[in-house]
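Residue-level listing of the chains:
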Amino acid sequence: MSCVGSISLSDIISTVEFNQTGELLATGDKGGRVVIFQREPESKNEPNCQGEYNVYSTFQSHEPEFDYLKSLEIEEKINKIRWLPQQNAAHFLLSTNDKTIKLWKVSERDKRPEGYNLKDEEGRLKDLSTVTSLQVPVLKPMDLMVEVSPRRIFANAHTYHVNSISVNSDCETYMSADDLRINLWHLAITDRSFNIVDIKPANMEDLTEVITAAEFHPYHCNLFVYSSSKGTLRLCDMRASALCDKHSKLFEEPEDPSNRSFFSEIISSISDVKFSHSGRYLLTRDYLTVKVWDLNMENKPIETYQVHDYLRSKLCSLYENDCIFDKFECAWNGTDSVIMTGAYNNFFRMFDRNTKRDVTLEASRESSKPRAVLKPRRVCTGGKRRKDDISVDSLDFTKKILHTAWHPAENIIAIAATNNLYIFQDKVNSEVH
Amino acid sequence: MEFKVEAHRIMSISLGKIYNSRVQRGGIKLHKNLLVSLVLRSARQVYLSDYYQGVCLNAQTMDTAQPWPPGETMDSELDENDSREHELPHEVGSDVRTSTPERPGSPVPALLNDAVAAPQPVAPPQLPSRRCSNAAAREGEANATRECGALGGVESDSDTPSNPPAASFCRKRRSCEKMTTPPPESPLKKIKQQQQPTATTNTTTTTTTTTAAQELPPPVGDGEEEMDTSNVSSLISIFGSSFSGLLGKESPASEPGAEDSEPDPPSGQICCEQVLKNIAPWSTAIVAF
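Residues numbered from 1 in each chain as written. Chains lettered and ligands numbered in written order. Predicted model: local features only at pLDDT ≥ 70, side-chain atom pairs only at ≥ 80, totals over all residues. Heavy atoms only, no water.

Looking at an unreviewed UniProt entry, one finds chain A named Serine/threonine-protein phosphatase 2A 55 kDa regulatory subunit B and attributed to Erpetoichthys calabaricus. You can read under Subunit (unreviewed entry) in the UniProt record for chain A the words "PP2A consists of a common heterodimeric core enzyme, composed of a 36 kDa catalytic subunit (subunit C) and a 65 kDa constant regulatory subunit (PR65 or subunit A), that associates with a variety of regulatory subunits." Recorded under Sequence similarities (unreviewed entry), the UniProt text for chain A is reproduced unchanged: "Belongs to the phosphatase 2A regulatory subunit B family." (UniProt positions renumbered as here; feature names shortened; annotations may be inferred.)

The interface of chain A with chain B comprises 38 residues on the first partner and 39 residues on the second. The largest share of the area that chain A buries against chain B comes from Glu205(A), Phe262(A) and Tyr319(A), three residues that together contribute 23% of it. Viewed at the interface, chain B and chain A are joined by eight salt bridges. When the shortest N-O distance is used, the salt bridge between Arg25(B) and Glu73(A) registers 3.0 Å. Seen at the junction of chain A and chain B, the total is twelve residue pairs in polar contact (both at pLDDT 80 or more). Looking at the side of chain A that touches chain B, the elements that each hand over two or more residues are β7 (72-74), α1 (264-268) and α2 (315-320) of chain A. Per-element accounting of the side of chain A that touches chain B gives the leading share, three residues, to α2(A). (Contact = heavy atoms within 4.5 Å. Buried area = accessible area lost by both parts, 1.4 Å probe. Salt bridge = Lys/Arg side-chain N within 4 Å of Asp/Glu carboxyl O. Polar contact = N/O pair within 3.5 Å; in protein donor to acceptor, adjacent residues only side chain to side chain. Helix = DSSP H or I, 4+ residues; strand = E, 2+ residues; numbered from the N terminus.)

Core analysis: the biggest nonpolar cluster contains 52 residues, and Phe263(A), Tyr287(A), Leu311(A), Tyr319(A) and Ile324(A) have the highest contact counts within it. Those elements that place two or more of their residues in this core are α1, β21 (281-285), β22 (289-294), α2, β24 (330-332) and β26 (347-352) of chain A together with α1 (2-21) and α2 (30-62) of chain B. With eleven residues, the top contributor of residues to this core is α2(B). In this structure, Tyr287(A) is in contact with Ile267(A), Ser269(A), His308(A), Leu311(A), Leu315(A), Leu318(A), Cys323(A), Ile324(A), Asp326(A), Phe328(A) and Tyr344(A), ignoring residues within four places of it in sequence. Counting residues in each nonpolar core, the second largest holds 17 residues, with Cys3(A), Phe348(A), Leu374(A) and Ile415(A) among its members. (Core = buried A, V, L, I, M, F, W, Y, C linked by side-chain atoms within 4.5 Å. Buried < 20%, exposed > 50% of the residue type's maximum accessible area, 1.4 Å probe, protein only.)

Turning our eyes to something else, we now look at the packing of aromatic side chains. All names here are of chain A. One pass over the structure, following the stated rule, counts 18 aromatic pairs over all chains. With 5.1 Å between their ring centres and 70° between their planes, Phe 154 and Trp 185 make a pair best called edge-to-face. Here Phe 154, found in strand β11 (residues 138-154), pairs with Trp 185, found in strand β14 (residues 181-186); they are 31 residues apart in sequence, far enough to count as distant. Across the pair, Trp 185 and Phe 154 agree in class, each one buried. Each member of the aromatic cluster is reached from another via a ring pair, and the members are Phe 262, Phe 263, Tyr 319 and Phe 325. (Phe/Tyr/Trp six-rings, centres within 6.5 Å; stacked < 30°, edge-to-face > 60°.)

With that out of the way, let us pick up the sheet that holds β24(A). All names here are of chain A. Read from one edge of the open sheet, four strands run β24-β25-β26-β27, paired in antiparallel fashion. A single partner strand is all that each edge strand has here, and the edge strands are β24 and β27 (358-362). Strand after strand, the sheet turns through a mean of 20° between neighbouring axes, direction not considered. (Pairing = 2+ DSSP bridges. Axes fitted to C-alpha atoms, helices over the stretch in contact; angles between N-to-C directions.)

It is worth spelling out unusual backbone geometry at this point. All names here are of chain A. Even without a glycine there, the phi angle at Ser 71 is positive, about 50°. Inspection of the secondary structure puts Ser 71 in the loop between β6 (65-67) and β7. A positive phi angle, close to 55°, is found at Thr 418, a residue other than glycine. Considering the arrangement of structural elements, one finds Thr 418 in the loop between β31 (412-417) and β32 (420-425). Exposure remark for Thr 418: the relative accessible area of 32% places this residue in the partly exposed category.

Turning our attention to the sheet that holds strand β1 (residues 2-8) of chain A. Residues and elements named next belong to chain A. Taken in spatial order, the four strands make up an open sheet running β1-β32-β31-β30, and their pairing is antiparallel. Of all the strands in the sheet, just β1 and β30 (403-406) have a single pairing partner and so form its edges. Taken pair by pair, the neighbouring strands of this sheet meet at an average axis angle of 15°, ignoring direction. Strand direction decides the pairing type here: β1 and β32, joined by six bridges, are antiparallel. Of the residues in β32, the one forming a bridge with Cys 3 is Phe 424.

Positionally, Glu73(A) belongs in strand β7. Residues within four places of Glu73(A) in sequence aside, it is in contact with Pro64(A), Glu65(A), Phe66(A), Arg25(B), Gly26(B) and Gly27(B). Within the structure, the side chain of Glu73(A) is placed 3.0 Å from the side chain of Arg25(B), a separation counted as a polar contact.

Considering all chains together, one arrives at five cavities of 30 Å³ or more under this definition. Computed from the structure, the second largest cavity encloses a volume of approximately 50 Å³. Lining the second largest cavity are Asp67(A), Lys70(A), Leu72(A), Glu73(A), Ile74(A), Asp98(A), Lys99(A), His161(A) and Gly26(B). Tallying contributions element by element places β7(A) first for the lining of the second largest cavity, with three residues. Looking at side-chain class alone, the lining of the second largest cavity contains two nonpolar, two polar and five charged residues. (1 Å grid on protein atoms, 1.4 Å probe; cavity = no way out; pocket = protein on both sides within 12 Å on 5 of 7 lines; lining within 4 Å. Points joined across faces, edges and corners; volume = space filled by probe spheres on them. Nonpolar A, V, L, I, M, F, W, Y, C, P; charged D, E, K, R; others polar.)

All names here are of chain A. Structurally, Cys 323 can be placed in the loop between α2 and β24. Assessed through its relative accessible area of 4%, Cys 323 is described here as buried. Linking Cys 323 and Lys 400, residues 77 residues apart in sequence, is a C-alpha distance of 9.3 Å. Sequence-distant contacts of Cys 323, defined by excluding residues within four places in its chain, comprise Tyr 287, Leu 318, Tyr 344, Phe 397 and Lys 400.

This is the structure we're talking about:
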């Protein structure tokens, strides 16, 4: 893995997402801005030169708002970005903060009309007495301009904080999930949405779990999954009923009683769920592990990988400094053979499902000079300590990699480390995977 | 013992988190607060199981036979919100009459006996409208809170008939008094219930280690739906005064529990007075918000 680029943004990155071709990479930040990167086409002169990602467009997606009725401030932080499958020359993406989802159109303009009869080049109206002949305006090339405009605003549908959005494979609908409800929208209709999941109890005293993530199946437009703070996954079929409160499948692993502690419930809360590209498997991330589930087996995951089990004895400290509430994301590679997730100290981990090998890498300025090859890192948990190992106590818990994304086809990964975006590429193994 | 200390520490940390979540930008995060409340519940269970083991034997000696003043009623642990608001006086009264000590020697009601005995119990006929409220606290009436506390109900199912009655409007927190492991959902229930009321509704402050003067949540479904995590001050007040002695890091006699109540009956009264003394800072804190 070598570093292709690193970009420093002005605010903490809160979401990272490749589009379906991998040509575009969008990041959202805490300040409500979206930055889109585009991959440069690989130069024909230098076939070995990897296409780099450069800034394509930047725009302010959400602004801070104030709910006067509830005296609550609504953060402008972008929680999720999801690209729509491309259907014409323009690109569309959905971005959401805690309350409002917006559909943005990203289009290019590289020509402009010149030669108007009634206005001059600056757009000022001409004095009609100076017009002696008529001309037909012609399109002339201009510097590429990327225009972003909000096409739809889907608001006022969520009482609680929106944590996920997911575009359906039918390309017409999408869903948005908050802590207690999931709503289904049509992309063209903003004034109503359908509630498809509602786990709010009649008496809030009885609340025991919340929805933490939700995603549509990659090609079955009737299926979606949502995860809960109790560590369960529910697969729902929209054909079964209008309200999918009753799940079709419930994926849950019984708790290991030997690991019981004050914080068992917190660390079992699922922070992210992703369908595999094949649609056969689910990937979940809880505080200490990533798990792969087979849709056909509900009683336990088929694979469990320890991300940073050395933190298990430090849960109390992590509770005190709030790190135990960090929500890490997870990602599949294009062939579903490798899974990736972030950790602390700017480490991120990759697990090869076939070889069962795993690697820990670090996203940092030092290791990320262009073309620099990443060196595997190791956290030493006592016992033999090798050179360059990091001990658990010297981990920097303020440097956390919560958001990662994997290119849909190639071995290119985008890692968000606080306000820095790192892009790594693995050219050597790209044929292997 | 180690577990107790650890549990105590975790409880205070959890309360701090809930408290701080009120001032967080973006509003209270339901998920995080739910997780924190689960931790709080677990820690409390561990702590109280140690606590009750210590005072269990002495509690029986502290029960005194006191007739229930007429008109005074105690609330009981009920699950229905709206109906309770109106039925309270009657239901509670009957509960008082019929309740028997299910757990002999339950120390908390015993302590409460003394707590409520100390101030003059007031019989408010208009019970639904009278509440120990943050508003009262805001008015700086520490007396009011104490009075409310005196009136605060004790869990009916763990009460003895000899316990002086408390104002019916105060709902008890059942799990607090239970000797054995409380039902998992009850603390959470109370927590969530406390989080429900909006600024316009009254909230109650707890007054003794065991009484949870709780305000009934507003009827669900009237008008625009609230994000039901808004009012945490009442939650803190419950835990605050419940554990006010326990959470005070510097107070030497901070634990109104086992050690004090063991020697002899009067110490129970001392405990309660200490607890009551410690209520004031929490009331003040609540007033500030």
